[in-house]
Amino acid sequence: MKKTDIPSILHAVLAITLMAASGSLPAPAPRSSPPSIAHEGDEADAIGAVMREYLRRVEAFGFAGAAAVEVDGRLVVSRGYGMADRARGIAVTDETPFYVASVSKQFTAAAVLRLEMEGRLRTADTLGRFFPGAPPEMARITLHQLLTHTAGVGEITIGEGPADAEDFARAVFALPPRFAPGTGFAYSNTGYALLAAVVQRASGEAFGAYLHRALFAPAGMTRTAAVTHADRLPGVRDARAYRGGIDFGGALRPEHTGAWSALGGTGVVTSVADLYRWERALRDTAVLSAAAKAKLFAPERERYAYGWVVAPTRRGTTRVTHDGLLFPHGWSAAFDRYADEGVVVLAVSGTFEREGLAAPVSRDLARIALGGSVALPPAPLAPRRARRRPAGAPAGRGGGPRSRRGRCGPGRARRARPAPRARRCRRRR
């Protein structure tokens with residue numbers, strides 16, 4: 001099977017039911033102490049065991065990334081799979097930083113809300129407050145509209161445009177709007193890049209520096225940084241992105257980091273262990289107040305909140321989610337919260353095969369955690385052992401065992417190396 005068949009393998013007809021004879025897997029019992037990031041739950045736990053088998057099989061078909069899963073307050077999986085650096089033979093761990101693309105939006109949104117908590121801005125503020133030279137149709141756009149993709153600003157492709165925040169804002173203001181503010185919905189990386197410029201202006205600090213001080217450090221995220229502040233992770237071995245045989249470079253040095261358009265809507269590098277630390281920080285008030293979190297998770301048009309999608313499930317529960325993909329580099333990430341059902345699934349990947357692999361892996365892990373069934377790729381075959389020739393037995397040509405029927409016919413032994421001028425065996429009539 002070729003590596004380019006990974007997504008089809010993940011969703012193949014070979015469906016293996018992952019339930020016990022009783023009809024479902026037992027959910028891990030809640031525990032009073034907080035889950036450990038450095039150590040997984042009991043290795044004998046049924047759900048964790050199934051997930052690790054699933055990830056082991058996906059790894060065998062080329063998946064390189066990491067996953068962390070919490071079920072009922074217990075961290076049942078937190079591991080890396082595959083190679084972070086193929087050339088140097090460095091394996092992925094749950095602490096390996098990956099570029100998480102649009103999963104970065106939640107950090108930009110949290111930074112805006114943190115500044116609101118500090119009294120430096122309000123989500124109802126307009127761009128005109130921060131950019132006095134903005135044209136009237138742009139000056140009236142609110143931060144709330146940028147956060148919910150209802151601002152209608154024109155789009156600058158990620159990696160293109162000016163490197164300076166002020167120059168970038170002027171370039172956006174010169175673009176024709178897609179619609180009047182508040183009258184439509186259009187997913188916009190550029191809108192979040194403008195929010196990053198607002199954060200920088202309102203805080204008086206570089207955007208990446210403010211994220212570190214206000215969000216990452218309080219949450220205990222030691223393997224996380226904006227790409228513009230990768231120097232805050234000295235000596236960290238990051239993952240590299242691969243698409244087929246092409247190496248697109250490391251997470252801390254992606255090719256497009258020279259443009260401001262790469263910030264805000266994307267541009268954060270982190271590990272699944274740090275994403276789990278962030279998840280836990282969102283459960284208390286160490287980073288955001290209860291009022292700020294209520295705004296963070298309040299859905300607007302198209303069920304989009306502030307950097308999150310909040311949508312109902314078929315089970316009548318709520319899924320809070322966001323994924324990310326940077327094409328064609330190979331980076332992908334997925335952050336799925338099923339708070340009503342006690343499940344959190346995090347996945348990152350640096351391999352791209354037809355699609356980013358983090359989202360389908362996260363969906364399958366969620367199905368397992370919620371007691372469902374999932375399509376598994378076939379188990380990898382163990383390498384066949386070469387049969388050793390018994391002592392004293394005659395060797396055939398090429399060092400293999402001699403055929404019982406001589407050199408010709410169905411029992412003929414396969415030569416290790418073809419002879420320069422192989423003799424043909426003529427069939428007897």
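Residues numbered from 1 in each chain as written. Predicted model: local features only at pLDDT ≥ 70, side-chain atom pairs only at ≥ 80, totals over all residues. Heavy atoms only, no water.

Visitor: Would you take a moment to explain empty space enclosed by the protein for this structure?
Guide: It is the rolling of a water-molecule-sized probe over the atoms that shows where space remains empty. All chains considered together, the criterion is met by two cavities of 30 Å³ or more. Of the volumes computed, that of the largest cavity is approximately 40 Å³. In terms of lining residues, the largest cavity is bounded by Gln145, Leu146, His149, Thr150, Ala151, Gly152, Val153, Arg178, Ala186, Ser188 and Gly191. The residue makeup of the lining of the largest cavity, split by class, is four nonpolar, six polar and one charged. One number sums up the size of the second largest cavity: a volume of about 30 Å³. In terms of lining residues, the second largest cavity is bounded by Thr108, Phe207, Leu211, Ala226, Leu263, Gly264, Thr266, Gly267 and Val268. When the residues that make up the lining of the second largest cavity are grouped by side-chain class, the tally is five nonpolar, four polar and no charged. (1 Å grid on protein atoms, 1.4 Å probe; cavity = no way out; pocket = protein on both sides within 12 Å on 5 of 7 lines; lining within 4 Å. Points joined across faces, edges and corners; volume = space filled by probe spheres on them. Nonpolar A, V, L, I, M, F, W, Y, C, P; charged D, E, K, R; others polar.)

Visitor: For this particular structure, what's the right way to read unusual backbone geometry?
Guide: Backbone phi values are negative for most residues with the exception of glycine, while trans is the configuration of most peptide bonds. In this structure, Asp72 takes a positive phi of about 50° despite not being glycine. When you line up the elements, Asp72 lands in the loop between strand 2 (65-71) and strand 3 (74-81). The class of Asp72 is partly exposed, set by a relative accessible area of 26%. Notably, Ala101 is not glycine yet its phi reads approximately 50°, a positive angle. With respect to the helices and strands, Ala101 occurs in the loop between strand 6 (98-99) and helix 3 (105-117). (Helix = DSSP H or I, 4+ residues; strand = E, 2+ residues; numbered from the N terminus. Buried < 20%, exposed > 50% of the residue type's maximum accessible area, 1.4 Å probe, protein only.)

Visitor: Sorry, what's going on with the sheet that holds strand 8 (residues 240-243) here?
Guide: Strands pair in a sheet through their backbones, by hydrogen bonds, and they do so in one of two ways: parallel or antiparallel. Pairing is mixed across the open sheet formed by four strands, whose spatial order is 9-8-15-16. Where the open sheet ends on each side, the last strands, each with one partner, are strand 9 (246-250) and strand 16 (355-356). The pairing of strand 8 with strand 9 spans three bridges and is classified as antiparallel. Within strand 9, the residue paired with Arg240 across the bridge is Gly250. (Pairing = 2+ DSSP bridges.)

Visitor: When you look at the pattern of salt bridges in this model, what are you seeing that I'm missing?
Guide: Here the structure, examined in full by the defined rule, presents 21 salt bridges. Residue Arg120 is joined to Glu118 by a salt bridge in which the shortest nitrogen-to-oxygen separation is 3.2 Å. The partly exposed category is assigned to Arg120, whose relative accessible area is 32%. When its relative accessible area of 32% is taken as the criterion, Glu118 is described as partly exposed. (Salt bridge = Lys/Arg side-chain N within 4 Å of Asp/Glu carboxyl O.)

Visitor: Please clarify how helix 2 (residues 46-60) should be interpreted in this entry.
Guide: Think of an α-helix as turning once every 3.6 residues; residues three or four places apart then point the same way. Here helix 2 contains 15 residues, and its C-alpha end-to-end distance of 21 Å stays within 8% of the 21 Å for a straight helix at 1.5 Å per residue. Of all the positions in helix 2, only Ile47, Gly48, Val50, Met51, Arg52, Tyr54, Leu55, Arg57 and Val58 are classed as buried. Positioned one or two residues after helix 2, Gly62 has a phi angle of 115°, which is positive. (Expected span 1.5 Å × (residues − 1).)

Visitor: In this structure, what is going on with the packing of aromatic side chains? I would like to understand it.
Guide: By convention here, two paired aromatic rings are described through the distance between centres and the angle between planes. Throughout the structure, instances matching the rule amount to 10 aromatic pairs. Ring centres of Phe107 and Trp278 lie 5.0 Å apart, and the angle between their planes is 55°; this geometry places the pair in the tilted category. Linking Phe107 in helix 3 with Trp278 in helix 10 (residues 272-281), this pair joins segments that are 171 residues apart in sequence. Here Phe107 and Trp278 have matching classes, each one buried. Here Tyr187 and Tyr304 contribute two aromatic rings whose centre-to-centre distance is 6.2 Å and whose plane-to-plane angle is 75°, an arrangement assigned as edge-to-face. Remark: Tyr304 occurs in the loop between helix 11 (290-296) and strand 11 (309-312) and Tyr187 occurs in the loop between helix 7 (165-173) and helix 8 (189-203); sequence separation between them is 117 residues. According to the relative accessible area criterion, Tyr304 is buried, its value standing at 3%. (Phe/Tyr/Trp six-rings, centres within 6.5 Å; stacked < 30°, edge-to-face > 60°.)

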